[in-house]
Amino acid sequence: MPHTLVKNVDFFVAALSQTYVSALQLDPDGMYTEVGTGLVQQFTDEYVRLKRFDGSFSHYARDITKFQRNKD
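The structure displayed is predicted, hence computed values, not measured ones.

Draft legend 1. Quick look at the side chain of Gln68. With respect to the element layout, Gln68 can be found in strand 6 (residues 66-70). Among the residues examined, Gln68 registers a relative accessible area of 18% and is labelled buried. Apart from residues lying up to four places away in sequence, Gln68 is in contact with Pro2, His3, Thr4, Leu5, Tyr20, Val21, Ser22 and Leu24.

Draft legend 2. Seen up close, the pairing of strand 3 (residues 32-43). Inspection of the sheet shows strand 2 (residues 20-26) paired to strand 3 by 7 bridges, in the antiparallel sense. Among the inter-strand pairings, Ser22 is bridged to a residue of strand 3, identified as Thr37. In this structure, strand 3 lies alongside strand 4 (residues 47-51), joined through 4 bridges in antiparallel fashion. When the sheet's bridge partners are listed, Leu39 is paired in strand 4 with Lys51. Between strand 3 and strand 4, which follow one another and run antiparallel, lie 3 residues.

Draft legend 3. Examining the sheet that holds strand 1 (residues 2-5) more closely. With antiparallel pairing, 6 strands are arranged side by side in an open sheet as 1-6-2-3-4-5. Two strands bound the open sheet, and with one partner strand each, they are strand 1 and strand 5 (57-61). Each strand of the sheet is rotated relative to its neighbour by a mean of 45°, with strand direction disregarded. Lying on the sheet, helix 1 (residues 8-16) is in contact with strand 1, strand 2, strand 3, strand 4 and strand 6; it crosses strand 3 at an angle near 75°.

Draft legend 4. Local environment of helix 1. Listed as buried for helix 1 are Asp10, Phe11 and Ala14. Looking down the long axis of helix 1, one finds its buried residues gathered within 95° of arc, a one-sided arrangement. Contacts made by the buried residues of helix 1 are with strand 1, strand 2, strand 3, strand 4 and strand 6. Remark: Gln18 follows helix 1 within two positions and exhibits a positive phi of approximately 55°.

Draft legend 5. Fine view of the packing of aromatic side chains. Tallied over the entire structure, the rule returns 3 aromatic pairs. Connected via pairs of aromatic rings, a cluster forms that spans Phe11, Phe43 and Phe67. The ring of Phe57 carries the charged tip of Arg49 above its face, separated from the ring centre by 4.2 Å. The ring of Tyr32 has Lys66 lying over it, and the distance from NZ or CZ to the ring centre is 4.7 Å.

The rules we used
Residues numbered from 1 in each chain as written. Predicted model: local features only at pLDDT ≥ 70, side-chain atom pairs only at ≥ 80, totals over all residues. Heavy atoms only, no water. Helix = DSSP H or I, 4+ residues; strand = E, 2+ residues; numbered from the N terminus. Buried < 20%, exposed > 50% of the residue type's maximum accessible area, 1.4 Å probe, protein only. Contact = heavy atoms within 4.5 Å. Pairing = 2+ DSSP bridges. Axes fitted to C-alpha atoms, helices over the stretch in contact; angles between N-to-C directions. Arc of directions from axis to C-beta. Phe/Tyr/Trp six-rings, centres within 6.5 Å; stacked < 30°, edge-to-face > 60°. Lys NZ or Arg CZ within 6 Å of the ring centre and 35° of its normal.

Given below as structure tokens:
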């Protein structure tokens, strides 16, 4: 069951535990679509930076992106 990350503490725990997080955004049909996956490297109240599998980084705005991790 996916767990949605909302609070700063959620992102902090995901970063410390090196948990892969999915970034989801609404598509034109109003459905959430995965736009990225990676490890939380940095976060602020405005954005989250994820380190992808290939070592590159992506930044996602927290106000338009939903972040989820899979519970173990």
